[in-house]
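What the coordinates show
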Amino acid sequence: MYTEHKLIYADARELGHLKDNSIDLVVTSPPYPMIKMWDNLFTSLNPDIGKSLSKDDYFSSFELMHKELDKVWTELYRVMKNGSFVCINIGDATRTIKDRFQLYANHSRIQTKFFEIGFDVLPVILWRKQTNAPNKFMGSGMLPAGAYVTLEHEYILIFRKGNKRFFTSPDEKLNRMESALFWEERNMWYSDIWEDLKGTKQNTNDKELRQRSAAYPFLLPYRLINMYSVFGDTILDPFLGTGTSTFAAMACGRNSIGYEIDSSFSKSIHNKISGEILGLNNYNLQRINNHIAFVESFGKEENRLKYINEYFGFPVITKQETKMKLVFMEFIEEIQANVYRTKYIDDKHIQNTGIKSLSIDYFQKVNTTQLKIAF
Ligand SMILES: C[S@@+](CC[C@H](N)C(=O)[O-])C[C@H]1O[C@@H](n2cnc3c(N)ncnc32)[C@H](O)[C@@H]1O
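1. Notes on the packing of helix H3 (residues 58-79) against helix H4 (residues 106-117)
For any two helices packed against each other, the geometry comes down to the angle between their axes and how far apart the axes lie. Interhelical geometry of H3 versus H4 gives an angle of 40 degrees and a closest axis separation of 10 Å. The pairing of H3 with H4 is recorded here as oblique in orientation. Read as a crossing pair, H3 and H4 show a hand that is right-handed. On H4, the residues that touch His-66, Asp-70, Trp-73, Thr-74 and Tyr-77 of H3 are Arg-109, Lys-113, Phe-114 and Ile-117. Looking at side-chain class alone, the contact of H3 with H4 contains four nonpolar, two polar and three charged residues.

What follows is the structure in structure tokens.
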């Protein structure tokens with residue numbers, strides 16, 4: 001099995017390289033309107049934004065910034081397939097302009113636009129980014145009234161184009177079964193508050209790039225891709241930055257396309273790619289190890305392990321997990337400028353090296369490092 005990953009260094013307000021109805025899932029995080037670090041970028045998209053910021057016209061600045069993002073959202077509706085999902089990580093902004101401290105509710109402005117365009121607006125995930133910083137209650141003493149609550153969350157907005165997606169042919173149905181999640185992952189991942197996603201470990205060595213990338217943690221696109229697409233789908237990120245969505249798509253056995261207006265990210269993504277295979281495979285191995293630890297305790301307590309996963313040979317909780325598999329990357333090659341192809345280890349090879357017949361006891365004895373060598 002192979003997947004393909006295209007990086008397009010161009011403006012996503014016009015997704016000219018993409019055909020209508022060609023994308024299965026969008027996972028992305030745009031520049032956040034009214035957050036200072038993005039003022040210059042928004043001004044480069046529309047110079048009127050710089051003018052309204054310099055006049056302290058907060059209302060126009062907020063609206064003009066969103067009008068630039070609206071162009072991307074409108075293009076998404078054209079390129080998405082019927083039944084496909086869009087997941088957008090966005091934070092609201094707080095800012096003091098002319099002595100007036102306010103919240104700029106980016107999440108609700110984007111939801112309103114998606115509603116207008118014709119997407120279905122679905123329940124959101126609150127990504128709680130708790131901080132223990134000693135100054136987190138700055139501005140508030142113990143005396144009422146007048147302090148502001150601390151902003152410690154971001155959103156993952158979720159939308160769908162059209163009706164539910166159908167899986168009709170036997171091949172499509174099997175692929176969907178193989179793309180399943182573990183039962184215990186379903187319980188956590190489909191919850192509306194994510195508290196366990198830690199801040200970003202940025203892998204790029206370029207300090208300046210790191211500061212202006214605002215990358216999200218790998219697990220954010222990785223989970224969403226597993227939740228809202230199947231093996232072989234095509235994932236689009238119109239605001240690619242450091243390429244986190246591309247790497248997540250590779251680990252998940254999905255194709256991907258990333259748009260990024262700033263071509264200076266190209267070198268850093270290219271350099272990162274060859275060094276990523278072990279790390280990416282490790283995310284999948286970690287899920288296996290977590291599952292094994294989970295069924296161990298679950299089985300002992302409740303004796304409810306009725307099913308065996310056909311691919312790995314370990315117990316699972318439900319019938320829907322019996323055909324589930326995870327893919328492991330063998331190599332990534334650049335097949336033309338900014339187009340990468342990932343080859344995955346054959347199912348048969350995994351079986352020959354013994355993975356299929358491995359028992360739960362074996363998995364418990366083997367740590368991740370040893371498993372990596374087996375591949
Ligand atoms: C919040 S960052 C995305 C970070 C990314 N999720 C990651 O993990 O690295 C937003 C990115 O969108 C890019 N961008 C802004 N406007 C754009 C546009 N019109 N077209 C394409 N990319 C754009 C910025 O250069 C920036 O890299």
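2. Observations concerning helix H9 (residues 244-252)
Note: α-helices contain 3.6 residues per turn, so residues at a spacing of three or four share the same orientation. Where burial is concerned, most of H9 is hidden: nine out of the nine residues are buried. Here H9 has its buried residues at Thr-244, Ser-245, Thr-246, Phe-247, Ala-248, Ala-249, Met-250, Ala-251 and Cys-252. Directly beyond the C-terminal end of H9, a positive phi value near 70 degrees is found at Gly-253.

3. Concerning the pairing of strand E13 (residues 329-336)
Residues in a regular strand project their side chains so that they alternate between the two faces of the sheet. Bridge count between E13 and strand E14 (residues 339-344): six bridges; the pairing is antiparallel. Residue Gln-336 lies in a different strand from E14, and its bridge partner there is Val-339.

4. Some remarks on the confidence of the model for the protein
Per-residue pLDDT for the protein has a mean of 88; in total, 86% of the residues score no lower than 70. Ignoring residues within four places in sequence, the model shows residues 355-375, a span with pLDDT below 50, making 32 contacts including any to other chains.

5. Thoughts on the packing of helix H8 (residues 219-228) against H9
The interhelical angle for the contact between H8 and H9, taken along N-to-C directions, is 45 degrees, at an axis separation of 8 Å. With respect to each other, H8 and H9 are oriented oblique. As H8 runs across H9, the sense of the crossing is right-handed. Residues Pro-221, Tyr-222, Ile-225 and Asn-226 of H8 pack against Thr-244, Ser-245, Ala-248, Ala-249, Ala-251 and Cys-252 of H9.

6. Remarks on the sheet that holds strand E1 (residues 2-8)
The strand order E8-E6-E7-E3-E2-E9-E10-E1-E14-E13 describes an open sheet built from 10 strands, whose pairing is mixed. Pairing within the sheet leaves two strands with one partner each, and these edge strands are strand E8 (193-194) and E13. Judged from the four bridges that link them, E1 and strand E10 (residues 255-259) form a sheet pairing that is parallel. Across the sheet, residue Ile-8 finds its bridge partner in E10, namely Tyr-259. Along the sheet face, H9 touches E1, strand E2 (23-28), strand E9 (234-237), E10, E13 and E14 and points at about 175 degrees away from the line of E10.

7. Side note on helix H2 (residues 47-54)
Buried residues of H2: Ile-49, Ser-52 and Leu-53, and no others. With its buried residues spanning 100 degrees around the axis, H2 presents them on a single face. Every exposed residue of H2 that faces more than 90 degrees away from the buried side is listed here: Pro-47 and Ser-54. Buried residues belonging to H2 abut helix H1 (39-45) and H3.

8. Digging into unusual backbone geometry
Residue Ala-145 follows Pro-144 across a cis peptide bond; omega there is -10 degrees. Structurally, Ala-145 can be placed in the loop between strand E6 (120-128) and strand E7 (153-160). In this structure, Asn-338 is a non-glycine residue whose phi angle is positive, near 65 degrees. In this fold, Asn-338 is placed in the loop between E13 and E14.

Thresholds, definitions, all that
Residues numbered from 1 in each chain as written. Predicted model: local features only at pLDDT ≥ 70, side-chain atom pairs only at ≥ 80, totals over all residues. Axes fitted to C-alpha atoms, helices over the stretch in contact; angles between N-to-C directions. Helix = DSSP H or I, 4+ residues; strand = E, 2+ residues; numbered from the N terminus. Parallel < 35°, antiparallel > 145°, perpendicular 65-115°, else oblique. Left-handed = near helix turned anticlockwise from the far one by under 90°. Contact = placed C-beta atoms within 7 Å. Nonpolar A, V, L, I, M, F, W, Y, C, P; charged D, E, K, R; others polar. Buried ≥ 20, exposed ≤ 12 C-beta atoms within 10 Å, placed from the backbone. Pairing = 2+ DSSP bridges. pLDDT = per-residue confidence, 0-100. Arc of directions from axis to C-beta.

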